[in-house]
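Take a look at the letters that make up each chain.
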Amino acid sequence: MKPILTVQSITKYYGSEKNITKALNGISFCAQPSEFTGVMGASGSGKTTLLRCISTLDNVSTGKIFVDGEDITNLSEKSVAAFRREKLGFVFQDYNLLNPLTLRENIALALTIRGMEEEKINAIVEETARKLHITDILDKFPSEVSGGQKQRCACARAIVNKPALLLADEPTGALDSKSSADLMDTLHELNENQKITIFMVTHDAFAASHCSRILFLQDGRIFNELIRGNKSRREFFQDILDVMSLLGGDVAHVR
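Below is a short write-up of the structure. (Residues numbered from 1 in each chain as written. Predicted model: local features only at pLDDT ≥ 70, side-chain atom pairs only at ≥ 80, totals over all residues. Heavy atoms only, no water.)

A closer look at the sheet that holds strand 5 (residues 70–71)
Part 1 of the reasoning: Taken in spatial order, the 4 strands make up an open sheet running 2-1-4-5, and their pairing is antiparallel. In this open sheet, the two edge strands, each paired with only one partner strand, are strand 2 (19–31) and strand 5.
Part 2 of the reasoning: Relative to strand 2, strand 1 (residues 5–16) runs antiparallel, the two sharing 10 bridges. Residue pairing across strands places Thr11 opposite Asn25, the latter belonging to strand 2. (Pairing = 2+ DSSP bridges. Helix = DSSP H or I, 4+ residues; strand = E, 2+ residues; numbered from the N terminus.)

What follows is the structure, given as structure tokens:
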């Protein structure tokens, strides 16, 4: 199988000539179809910069990134917009839902922008909501539902276009323990049953234990890599804590 995501020797510099920061330093890896990859590291390790480069929100300084076989490092502004719309799904810590719209309308927005027929949109939204167990709240507004329900809606919006890659940026960061566990069960289900390829940045060891592989960053480089394999989630969780203790920094939601 061809990788969904290929990162080749990327570097990323910030700042001016007198004050340059090397946020990423020669990172290379691949993510296969249906893989659930997590990225962890202390603050300043480069994990958010890596996600921003993969999502085309930042440009790499050197190196190449391929998503679904397409080189995204040299896209035109028009092509970038189409790439994000057609190939990527996003789940953010703060949901990024539009408050004046119902959950149904939030999920349908990308399909509406594409000019899809209303009947087809409704069918896709209903089917996506069913997978995420939110059909009973579709006609409510974001202000009327819990944080966990908002994040499920955000997941539905992210996958409604059937993206090649789902990017999750600290998706449990604003949730309580139960909502975090429910969300990670949902992402795990999307990965296992819907075969959605997920790339998640997190500092939450519990969330990371749902991944099939974790890359640990330190000073813009890959410090270590863990493969879950046949280990239980509890065993994998302990392996994650062991690596994080070597890295130092913050480990959230240790349970």
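The discussion continues.
Observations regarding the packing of helix 5 (residues 147–159) against helix 6 (residues 177–193)
Describing two packed helices takes the angle between their axes plus the distance from one axis to the other.
Part 1 of the reasoning: Between helix 5 and helix 6, whose axes approach to 9 Å, the crossing angle comes to 20 degrees. By the angle between their axes, helix 5 is roughly parallel relative to helix 6. Of the two possible hands of crossing, helix 5 and helix 6 adopt the one that is right-handed. Across the interface between the two elements, Gly148, Gln151, Arg152, Cys155 and Ile159 from helix 5 touch Ser179, Asp182, Leu183, Thr186, Leu187 and Leu190 from helix 6.
Part 2 of the reasoning: Across the contact of helix 5 with helix 6, the residue classes tally to 5 nonpolar, 4 polar and 2 charged. (Axes fitted to C-alpha atoms, helices over the stretch in contact; angles between N-to-C directions. Parallel < 35°, antiparallel > 145°, perpendicular 65-115°, else oblique. Left-handed = near helix turned anticlockwise from the far one by under 90°. Contact = heavy atoms within 4.5 Å. Nonpolar A, V, L, I, M, F, W, Y, C, P; charged D, E, K, R; others polar.)

Considering the environment of Ala207
Part 1 of the reasoning: Summarising the element assignment, Ala207 is placed in helix 7 (residues 205–208).
Part 2 of the reasoning: Beyond its immediate chain neighbours, meaning those up to four positions away, Ala207 contacts Thr172, Met184, Met200 and Thr202.

Some details on the nonpolar core
Within soluble globular proteins, side chains that are nonpolar generally end up buried alongside one another.
Part 1 of the reasoning: Counting 51 residues, the largest nonpolar core has Leu187, Met200, Phe216 and Ile240 as its most contacted members.
Part 2 of the reasoning: In terms of residue count, the dominant contributor to this core is helix 8 (residues 233–247) (7 residues).
Part 3 of the reasoning: With near-sequence residues (within four places) excluded, Ile240 lies in contact with Met40, Ala205, Ala208, Ser209, Ile214, Phe216 and Leu226.
Part 4 of the reasoning: If you look at the next biggest cluster of nonpolar residues, it comprises 28 residues, including Val7, Leu24, Ile54 and Phe83. (Core = buried A, V, L, I, M, F, W, Y, C linked by side-chain atoms within 4.5 Å. Buried < 20%, exposed > 50% of the residue type's maximum accessible area, 1.4 Å probe, protein only.)

Notes on unusual backbone geometry
Excluding glycine, most residues fall at negative phi; most peptide bonds, likewise, are trans.
Part 1 of the reasoning: At Glu170, a residue that is not glycine, the phi angle is positive and equals roughly 45 degrees.
Part 2 of the reasoning: Relative to the elements of secondary structure, Glu170 occurs in the loop between strand 7 (165–169) and helix 6.
Part 3 of the reasoning: Despite not being glycine, Asp219 has its phi angle at roughly 55 degrees, a positive value.
Part 4 of the reasoning: Tracing the chain through its elements places Asp219 in the loop between strand 9 (213–218) and strand 10 (221–227).
Part 5 of the reasoning: The class for Asp219 is exposed, based on a relative accessible area of 60%.

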